[in-house]
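# Chain and residue survey
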Amino acid sequence: MSQEYAKLVYNGKEVELPLVRGTMGEVALDISHLRKETGMVTIDPSFMNTASCYSKITFIDGEKGILCYRGIPIEKLVENTRFIETAYLLLHGKLPNVEQSDKFSNLLTENSLLHEDMRHFFDRFPRGSHPMSIMGTMQNAFSTFYSNVDSLSLKEAIDISAARIMSTFRTMAAFAYKRSIGEPVVYPRHDLPFCANFLNMMFDSPVRPYEINPNVVKILNSLLILHADHEQNCSTTAVRTVGSAQVNLYSTISAGIAALSGPLHGGANQAVIEMLQRIVRDGGNVKKYIDRAKDKNSSFRLMGFGHRVYKTYDPRARLIKKQCDDFLKQMSINDPLLDVAMQLEETALNDNYFIERNLYPNVDFYSGIIYRAMGIPENMFTVMFALARLPGWIAHWKEMIGSKTKITRPRQIYIGKTPKQN
Ligand code: CMC
């Protein structure tokens, strides 16, 4: 196809802006030469209309509710793969064969132990520290314990760095939890696969051995797959931005953890449960909270609702809602929060405010109810999200450094005082 252009006319001059098309049909205006040719920049606060990069990792159709990793719909990945295979897919662009899968699995096992000196850090955080703050700090501290990994010194295979980050993050997350409840830490076991190993580190205790439940392992695999990547969201953009300055990979990931912790991003999964609990404590009056979410004089928002990209039902939320219902039945758990969540959803989806603004449940709306049923405490929910998102962040970092991206450095429109005004 011959190159297409859009014309920009200003001050009697014309500038041709090349059109760029993605493989799934999105069209963009390439403005990379705009400033050189016109002296002008563009302004797009919060990047509502800006594609910040080319990427081959994840595709979202926000109008149709489609999400694919490397061209494979998430529904298929949940059905046919384990989390570590999906992680490999994100990192390498194709699903692993048996040999590659075994090799990656072995790397995860070999890298599961945390440097023993780092374990002592857990004793120094104040009791009650949020685990996401602990995880971000620990991740940043990694660069002082492990050999530097940055775009210039990436000598080892990406699989080794990825395995080290994913596997030790999992160990640290469980350590942070054990420390928060005052129980001795449980070390990773070489005989257990990724998800079962995590559950064992979380729930085994010297006085109460943990029995691994295959249903819990299955649902954890599925939740991790569904959270594994989501193209240029806030935390991935943070990772790409920080990484573009050639910061080492560990600190770069730590920036992603910080961004994810916010309640408008990954922190929403904890905020949803807190909101549902509040509604239950308040007598279960769902309508009152829907009205509050619509009230422009109130800062209250319906947590777990709305999305920058999805203008329809989030495909992850659709799967998680079904899994939530099935899993609670399997575990014979009757959680009143699920009833409230379903009433909230039904009320919102029939309300003009939500209809007009295309606000639907997002990935965080039902996931917390599953985590609760698994026995994972609320302040660990966002850590679970981060654990899942690691392969996505690393894949984006790898893609970014491989494409020789320049340092990220947007422009601004200055609207402050001029020297004359001083
Ligand atoms: N409750 C009530 N009103 C909402 C909500 C909500 N959850 N979300 C958006 N709106 C309204 C908003 O007030 C605005 O109304 P108006 O046009 O009258 O000013 C309109 O919908 C558009 O909202 P926005 O804030 O301009 O949209 P955005 O794309 O900047 O924000 C969002 C997206 C996800 C931050 C937002 O929908 C939100 O705050 N949701 C609640 C938090 C949440 O669930 N976050 C998790 C997102 S998905 C997982 C992830 O990214 O980690």
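See the structure shown above.
Overview of the structure. Being a predicted model, the structure only gives us computed values, none of them experimental.

## Digging into the sheet that holds strand S4 (residues 58–61)
Taken in spatial order, the three strands make up an open sheet running S4-S5-S6, and their pairing is antiparallel. Both outer strands of the open sheet, S4 and strand S6 (72–73), are each paired with one neighbouring strand and no more. In terms of strand pairing, strand S5 (residues 66–69) meets S6 through two bridges, oriented antiparallel. In the strand pairing of S6, tyrosine 69 is matched with isoleucine 72.

## Some remarks on the pattern of salt bridges
Applying the stated criterion across every chain yields a total of 19 salt bridges. Between glutamate 116 and arginine 119 there is a salt bridge, and its shortest N-O distance comes to 2.7 Å. Placement of both glutamate 116 and arginine 119 in helix H5 (residues 116–119) is noted, with a separation of three residues, approximately one turn of the helix. Overall, arginine 119 belongs to the partly exposed group, its relative accessible area being 23%. The residue aspartate 351 makes a salt bridge to lysine 294 at a minimum N-O spacing of 2.8 Å.

## Quick notes on the sheet that holds strand S3 (residues 27–29)
Judged by pairing direction, the sheet is antiparallel, and its three strands sit side by side in the order S1-S2-S3 without closing on themselves. Only two strands of the sheet have a single partner each, and these edge strands are strand S1 (5–10) and S3. Neighbour-to-neighbour, the strand axes of this sheet turn through a mean angle of 30 degrees, independent of strand direction. Here strand S2 (residues 13–21) runs beside S3; their pairing, made up of three bridges, is antiparallel. Note on S3: the bridge partner recorded for arginine 21 is valine 27.

## Some thoughts on the packing of helix H4 (residues 98–110) against helix H7 (residues 158–180)
Contact geometry of H4 with H7 gives a least axis separation of 8 Å together with a crossing angle of 50 degrees. In terms of their interaxial angle, H4 and H7 are classed as oblique. Handedness of the H4/H7 crossing: right-handed. Between H4 and H7, the contacting residues are Phe104, Leu107 and Leu108 on the first element and Asp159, Ile160, Ala163, Met166, Ser167 and Arg170 on the second. Considered class by class, the residues forming the contact of H4 with H7 number six nonpolar, one polar and two charged.

Calculation rules
Residues numbered from 1 in each chain as written. Predicted model: local features only at pLDDT ≥ 70, side-chain atom pairs only at ≥ 80, totals over all residues. Heavy atoms only, no water. Pairing = 2+ DSSP bridges. Helix = DSSP H or I, 4+ residues; strand = E, 2+ residues; numbered from the N terminus. Salt bridge = Lys/Arg side-chain N within 4 Å of Asp/Glu carboxyl O. Buried < 20%, exposed > 50% of the residue type's maximum accessible area, 1.4 Å probe, protein only. Axes fitted to C-alpha atoms, helices over the stretch in contact; angles between N-to-C directions. Parallel < 35°, antiparallel > 145°, perpendicular 65-115°, else oblique. Left-handed = near helix turned anticlockwise from the far one by under 90°. Contact = heavy atoms within 4.5 Å. Nonpolar A, V, L, I, M, F, W, Y, C, P; charged D, E, K, R; others polar.

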